Amino acid sequence: QVHLVESGGGLVQAGDSLMLSCAASGRTFSSGNTGWFRHTPGKEREFVAAISWSGGSTYYADSVKGRFTIARDNAKDTVYLQMKRLKPEDTAVYYCAASRRLAVGRLDEYQYWGQGTQVTVSS
């Protein structure tokens, strides 16, 4: 099994920054992608960002491009999402997910999911 645990969420004001972490344990991969998704009640869970195992390839949703940065530290089995210039529209539960093979923005491309961490941006 692969277990993913998100942390770092909280309440911030518009324009602030926040860093989320996704710690993996169990039978972690040496290939594939890790992604971040977010969900707001009443809306579909949407893609935020993804990164290859090596960290050499990154992908971003247009809504966060230029503001969010995804990175990973394989020595710690951790993936990060650095969020800057946060907007109220970024308010959501953020989930990390892992895929055994190349995956970008489709939910059905990922096999493992964390339980999420709440990010609330006030204005």
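All of these numbers come straight from a predicted model, not from anything done at the bench.

A few words now on the side chain of Ser21. On the secondary structure map, Ser21 appears in strand 3 (residues 18-26). A residue is classified by how much of its surface remains accessible, and Ser21, at 18% relative accessible area, is buried.

Its identity as a non-glycine residue notwithstanding, Asp77 has a phi of 50°, on the positive side. Topologically, Asp77 is positioned in the loop between strand 7 (68-73) and strand 8 (78-83). For Asp77, a relative accessible area of 32% translates into the label partly exposed. Of note in the backbone geometry, Arg85 takes a positive phi value of approximately 45° without being a glycine. Position of Arg85 relative to the elements: it lies in the loop between strand 8 and strand 9 (92-99).

As a further point, take the state of the cysteines. Throughout the structure, instances matching the rule amount to 1 disulfide. In this model Cys22 forms its disulfide with Cys96; the gap between the sulfur atoms is 2.0 Å. Judged by the torsion about the S-S bond (65°), the Cys22/Cys96 disulfide is right-handed. Taken together, the residues span a long stretch of sequence, with Cys22 in strand 3 and Cys96 in strand 9 at a distance of 74 residues. The two residues Cys22 and Cys96 agree in class, both being buried.

Rules used throughout
- Residues numbered from 1 in each chain as written.
- Predicted model: local features only at pLDDT ≥ 70, side-chain atom pairs only at ≥ 80, totals over all residues.
- Heavy atoms only, no water.
- Helix = DSSP H or I, 4+ residues; strand = E, 2+ residues; numbered from the N terminus.
- Buried < 20%, exposed > 50% of the residue type's maximum accessible area, 1.4 Å probe, protein only.
- Disulfide = S-S within 2.5 Å.

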